[in-house]
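Spelled out from the first residue to the last, the chains are:
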Amino acid sequence: MKMIFAKEMEYTLKLIFSPKAKMETILQKAEGICNENGTVLLKHTENSITLGADSFETFSPALLDIRYDDYFKENLIGAYCTDPFDGTYPCLDDILKNYT
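Structure report, in brief. Keep in mind the model is a prediction, meaning the values are calculated, not measured. (Residues numbered from 1 in each chain as written. Predicted model: local features only at pLDDT ≥ 70, side-chain atom pairs only at ≥ 80, totals over all residues. Heavy atoms only, no water.)

**Re the overall build of the protein**
Part 1 of the argument: Along the backbone of the protein there are 4 helices and 5 strands.
Part 2 of the argument: Against the compact-globule benchmark of 13 Å for 100 residues, the protein has a radius of gyration of 12 Å, which places it among compact chains.
Part 3 of the argument: Seen through its principal axes, the protein has C-alpha atoms that stretch 30 × 25 × 20 Å.
Part 4 of the argument: Going through the 100 residues of the protein one by one, you find that 43% of them count as buried.
Part 5 of the argument: Across the protein, every contact between residues at least 6 apart in sequence was considered, and the portion connecting residues at least 24 apart equals 65%. (Helix = DSSP H or I, 4+ residues; strand = E, 2+ residues; numbered from the N terminus. Rg over C-alpha atoms; globule rule 2.2 N^0.38 Å. Buried < 20%, exposed > 50% of the residue type's maximum accessible area, 1.4 Å probe, protein only. Contact = heavy atoms within 4.5 Å.)

**Let's talk about the sheet that holds strand S1 (residues 11-17)**
Part 1 of the argument: Pairing in this open sheet of 5 strands is antiparallel, and the strands run S2-S3-S1-S4-S5 from one edge to the other. Only two strands of the sheet have a single partner each, and these edge strands are strand S2 (40-44) and strand S5 (87-90). In this sheet, neighbouring strand axes are inclined to one another by 20 degrees on average, regardless of whether the strands run parallel or antiparallel.
Part 2 of the argument: Pairing analysis gives 4 bridges linking strand S4 (residues 76-83) to S5, with the strands arranged antiparallel. (Pairing = 2+ DSSP bridges. Axes fitted to C-alpha atoms, helices over the stretch in contact; angles between N-to-C directions.)

**Considerations on the pattern of salt bridges**
Part 1 of the argument: The full count for this structure, using the stated rule, is 2 salt bridges.
Part 2 of the argument: The salt bridge involving Lys29 is made with Asp69; its shortest N-O contact spans 3.0 Å. Linking Lys29 in helix H1 (residues 23-37) with Asp69 in the loop between helix H2 (56-67) and helix H3 (70-75), this pair joins segments that are 40 residues apart in sequence.
Part 3 of the argument: Take Asp69: its relative accessible area is 15%, and that puts it in the buried class. (Salt bridge = Lys/Arg side-chain N within 4 Å of Asp/Glu carboxyl O.)

**What to know about the nonpolar core**
Part 1 of the argument: Counting 26 residues, the largest nonpolar core has Leu13, Leu15, Phe17, Ile49, Ile66, Phe72 and Ile95 as the members making the most contacts within it.
Part 2 of the argument: Only S1, H1, strand S3 (48-53), H2, S4 and helix H4 (92-96) provide two or more residues apiece to this core.
Part 3 of the argument: No other element matches H1, which puts 6 residues into this core.
Part 4 of the argument: Leaving out residues up to four positions away in the same chain, Ile49 has contacts with Leu13, Lys14, Leu15, Phe17, Met23, Ile26, Leu27, Ala30, Leu41, Lys43, His44 and Phe72. (Core = buried A, V, L, I, M, F, W, Y, C linked by side-chain atoms within 4.5 Å.)

**Some words on the pairing of S1**
Part 1 of the argument: Judged by how many residues are buried, S1 sits mostly within the fold: 5 of 7 residues are covered.
Part 2 of the argument: Bridge count between S1 and S3: 6 bridges; the pairing is antiparallel. Residue pairing for S3: Ile16 is matched across the bridge by Ser48.
Part 3 of the argument: The sheet contact formed by S1 and S4 spans 6 bridges and is antiparallel. From the neighbouring strand, Leu15 faces S4, where its bridge partner is Ala79.

This is the structure:
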């Protein structure tokens, strides 16, 4: 999994998970998303991960993958998006919304 610490990304997504979530599973899923979409894992802590991308074209598919992943959704307790247009804003409700 590619991790970047110093570089600023145009788009980021910070996901905060319940303490009961298995972070090993979360990190494996995040690695798969990063590998498929070109996003990068910027940071991870005990119960959160932050993904980033330089363009909306890269960021958007990763966000869609997260929206359709039941394990992510079952364990999410907070989410924040950052983009160059709107700054940082909560996006948990948008991620948890049922799109089927």
